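Given next are the chains, with one letter for each unit.
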Amino acid sequence: MCLSLTVVAMVNSTEPHGWPNTSTKDLLDNIKNPRYNWSPEIRGVILSSILYGMLIVKIPVGYLSGIYSIRKMVSCALILSSLSSLLIPLAADAGEMPLIACRVVQGLGQGTVSIAQHMVWVKWAPPLERGRLTSLSVSGLMLGPFIALLATGFICQALGWPFVFYIFGACGCALGLFWFILFYDDPKDHPCISVDEKELITSSLMAQVTSSGQSLPIKAMLKSLPLWAISLGCFAFSWTNHVMFLYSPTFISSRLHVNVTENGLLSALPYLFSWVLGILVGQVADLFLSRNMFCVTTIRKLFTTLGLLLPSLFGICLCHLSSGFHSTIIFLILASATSVFCIVGILINPLDIAPRYYGFLKGVTVLIGMTGGLTSSTLAGIILNRDPESSWSKIFFLMAAINIISLTFYLIFAKAEIQDWAKEKQHTRL
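Throughout this document, residue positions are counted from 1 along each chain, in the order its sequence is written. At least 70 in pLDDT is required for a residue's local features to be given in this predicted model, at least 80 for side-chain atom pairs to be given and counted, and no such filter applies to totals for whole chains, interfaces and linings, which use all residues. To get the side-chain values, take all heavy atoms of the structure and skip hydrogens and water.

**Remarks on the packing of aromatic side chains**
- A pair of Phe, Tyr and Trp rings is counted when the ring centres sit within 6.5 Å of each other, with Trp represented by its six-membered ring. The angle between the planes then sorts it: under 30 degrees is stacked, over 60 is edge-to-face, the rest tilted. What the rule picks out here adds up to 16 aromatic pairs.
- Arranged with centres 4.5 Å apart and planes meeting at 20 degrees, the rings of Trp179 and Phe183 form a pair that is stacked.
- Using a relative accessible area of 23% as the deciding quantity, one classes Trp179 as partly exposed.
- Among the aromatic residues, those joined into a cluster by ring pairs are Tyr36, Trp38, Trp161 and Phe165.
- When the NZ atom of lysine or the CZ atom of arginine is within 6 Å of a ring's centre and also within 35 degrees of its normal, the charge is said to sit over that ring. Sitting over the ring of Phe180, Arg71 keeps its end group 4.5 Å from the ring centre.
- One residue, Arg71, lies across the ring of Tyr184, its end atom 5.3 Å from the ring centre. Summary of the burial criterion: residues with accessible area below 20% of their type's maximum are buried, those above 50% are exposed, and those between are partly exposed, where the area comes from a 1.4 Å probe applied to protein chains only.

See below:
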């Protein structure tokens, strides 16, 4: 995520295209902030290259996370991603391809974390608390970038962009060690929670089946329209998320012409609002469920509708109704933040239809979603390179079309009941 802002400081826009990796002539500034002559198309490939690594590991990690220790998988993946971050400045000096390779390795680590951590809730989340627990944990994906982008702008200005990767890489390695020390795979093994809390968690999950040691019903999954509805929704969600968050610094730079510190602050604001909103939607969804105001299927469809339609609406407003500084920032925040409604919609829906295969299905749906993110971030770079004048309008209208098509399919076919193929050969956890 830091690269989406540092790339603004890394690119030398004053020299003609065609001299890749050409630094500025000022030696002192070159040491502090090396600059490269990357076209918008190359920048799009670099920004999206992390998704290639994520694509590779999604399904394998989804399957293996139901078998092996989440504690060890997440800890190792965090350290791998952080070590790759430490190498990014050297890779950028070596050329575009080493940098892309480094980003792919980062994707392997971050893709492992993003899938494996969801398996935590299979053993830790009582059914009536899944919405708030999931939204609370996923909201960290918004709080982290808010802090990172805010700090990145100041670090770039004071120390130079390479130190962004050195500092956050070191912090990531420390986080990996803390995770290994503090996290436990199963509530019954945790030494710091009460007996009553352990009993509450385990008793609420006694009837939940597990896929351990059983074959996957691949054919039934491929024929499942609710699963395809979730997958298509994840495709649209990832498309929107990558356009809004990866290209926000570029959009702000091109429209508002601010320095890198101000850009970092403005780019971080959507994440702050996303974090707050993400926590609230989980509370609201569980409130609806606990008071029997809506059934689970209705809740999933309602929040998915809000999470896909509102960013489309505000994205179009961002291009055509934002005439000044304040209106631009307001619409940018709304277009980015409202996608978090999907946290208690499509993002948790696989746990409803097949809890016993949740890890594998999460890997599959996120893999399909990542193809949307990969396509949108790469395509946005190509559009920006070829048509700078009307490029943003095209990007946001295309995003709206993808969201509406995917949402229509989801509203027709989505379910939140355990599917028949997920009930076969049940084994009760005792």
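**Some details on helix H1 (residues 2–10)**
- In terms of residue burial, H1 counts as a mostly covered element, since eight of its nine residues are buried.
- Under the DSSP-based scheme used, a helix requires at least four consecutive residues in state H or I and a strand at least two consecutive residues in state E, with every element numbered from the N terminus. When H1 is considered as a whole, its buried residues turn out to be Cys2, Leu3, Ser4, Leu5, Thr6, Val7, Ala9 and Met10.

**Points about empty space enclosed by the protein**
- A pocket, in this scheme, is an open set of points on a 1 Å grid over the protein atoms alone with protein on both sides within 12 Å along at least 5 of 7 lines, while a cavity is a set where a 1.4 Å probe fits but cannot get out; residues line either one if an atom lies within 4 Å of a point. Grid points are joined across faces, edges and corners, and a volume is the space filled by probe spheres set on the points. Applying the stated criterion to the full structure yields two cavities of 30 Å³ or more.
- In this structure, the largest cavity occupies an estimated 40 Å³ of space.
- Taken together, Trp239, Val243, Ser376, Leu379, Ala380, Ile383, Ile395 and Leu398 form the lining of the largest cavity.
- Of all the secondary structure elements, the ones that give two or more residues to the lining of the largest cavity are helix H13 (225–246), helix H19 (358–386) and helix H20 (391–413).
- Tallying contributions element by element places H19 first for the lining of the largest cavity, with four residues.
- Residues belonging to the lining of the largest cavity are distributed by class as follows: seven nonpolar, one polar and no charged.
- By volume, the second largest cavity amounts to about 30 Å³.
- Every residue along the wall of the second largest cavity is listed here: Val243, Met244, Tyr247, Ser248, Phe251, Leu318, Leu332, Trp392 and Phe396.
- Every element with two or more residues in the lining of the second largest cavity is listed here: H13, helix H14 (248–256) and H20. Note on residue classes: Ala, Val, Leu, Ile, Met, Phe, Trp, Tyr, Cys and Pro are nonpolar, Asp, Glu, Lys and Arg are charged, and everything else, Gly too, is polar.

**A few points about the environment of Glu262**
- Structurally, the position occupied by Glu262 is in helix H15 (residues 260–290).
- When its relative accessible area of 40% is taken as the criterion, Glu262 is described as partly exposed.
- Linking Glu262 and Leu150, residues 112 residues apart in sequence, is a C-alpha distance of 8.9 Å.

**Looking at the environment of Leu182**
- Inspection of the secondary structure assignment puts Leu182 in helix H10 (residues 162–182).
- By relative accessible area, Leu182 is classed as exposed at 57%.

**As for helix H5 (residues 70–94)**
- A helix is expected to span 1.5 Å multiplied by its residue count minus one. For H5, built from 25 residues, the straight-helix expectation of 36 Å at 1.5 Å per residue is met to within 8% by its first-to-last C-alpha distance of 35 Å.
- One axis is fitted to the seven residues ending at the residue and one to the seven starting there. The bend at that residue is the angle between these axes. A bend of about 45 degrees at Ile88 is the largest found in H5, and the proline Pro89 appears one to four places after it.

**What about the nonpolar core?**
- By nonpolar core we mean a set of buried residues, namely Ala, Val, Leu, Ile, Met, Phe, Trp, Tyr and Cys, connected to one another through side-chain atoms within 4.5 Å. In terms of nonpolar packing, the biggest core is built from 91 residues, with Trp38, Phe303, Leu361, Trp392 and Phe396 touching the most fellow members.
- Top element by residues in this core is H13. It accounts for twelve residues.
- Two residues qualify as a contact provided that any one of their heavy atoms is within 4.5 Å of a heavy atom in the partner residue. The residues touching Leu361, leaving out its near neighbours within four places in the chain, are Met221, Leu227, Pro350, Ala354 and Trp421.

**Focus: the side chain of Asp186**
- Examined against the element boundaries, Asp186 turns out to sit in the loop between H10 and helix H11 (195–204).
- Under the rule applied, a polar contact is a pair of N or O atoms within 3.5 Å (in protein, one hydrogen donor and one hydrogen acceptor; residues adjacent in sequence only if both atoms are side-chain atoms). Polar contacts involving the side chain of Asp186 include one to the side chain of Lys188, which spans 3.1 Å.

**A few points about unusual backbone geometry**
- Although it is not a glycine, His257 adopts a positive phi angle of roughly 55 degrees.
- By the secondary structure assignment, His257 is in the loop between H14 and H15.
- Assessed through its relative accessible area of 64%, His257 is described here as exposed.
- Phi at Asn292 is positive, roughly 55 degrees, even though this residue is not glycine.
- With respect to the helices and strands, the residue Asn292 is situated in the loop between H15 and helix H16 (296–320).

**Some details on the confidence of the model for the protein**
- Predictor confidence is given residue by residue as pLDDT, running from a minimum of 0 to a maximum of 100. Scored by pLDDT, the protein has a mean of 84; 90% of the residues are at 70 or more.
- In this model, residues 14–25 is a region of pLDDT below 50 whose contacts with residues beyond four sequence positions or in other chains number 28 contacts.
- Note that residues 426–430 has pLDDT below 50 and, in this model, 15 contacts with residues that lie over four places away or in other chains.

**Focus: the packing of helix H3 (residues 40–48) against H19**
- Running from amino to carboxyl end, H3 crosses H19 at an angle of 165 degrees, the nearest separation of the two axes being 7 Å. It follows that H3 is roughly antiparallel to H19 by the angle criterion. Once H3 is placed against H19, the crossing between them reads as right-handed. Judged by residue contacts, Pro40, Glu41, Gly44 and Ser48 of H3 engage Leu374, Ser377, Thr378, Gly381, Ile382, Leu384 and Asn385 from H19. To obtain each axis, a line is fitted to C-alpha atoms, and for helices this fit is confined to the stretch in contact; angles are then taken between N-to-C directions over 0 to 180 degrees. If an angle is under 35 degrees, it is roughly parallel; if it is over 145, roughly antiparallel; if it lies from 65 to 115, roughly perpendicular; otherwise it is oblique. By definition, any crossing whose near helix is turned counterclockwise from its far helix by less than a right angle is left-handed, and any crossing with a clockwise turn is right-handed.

**Looking at a nonpolar patch on the surface**
- Patch building starts from residues that exceed 30% relative accessible area and form no salt bridge, then joins like charges within 9 Å and nonpolar side chains (Val, Leu, Ile, Met, Phe, Trp, Tyr) within 5 Å. Only the protein chains shown count as cover for residues, with accessible areas throughout obtained via the Shrake-Rupley method and a probe of 1.4 Å. Between Lys or Arg on one side and Asp or Glu on the other, a salt bridge is scored when a side-chain nitrogen of the former is within 4 Å of a carboxyl oxygen of the latter. On the surface, Leu175, Phe178, Phe180, Ile181 and Leu182 cluster together into a nonpolar patch covering about 520 Å² of accessible area.
- Along the polypeptide, Phe178 turns up in helix H10.

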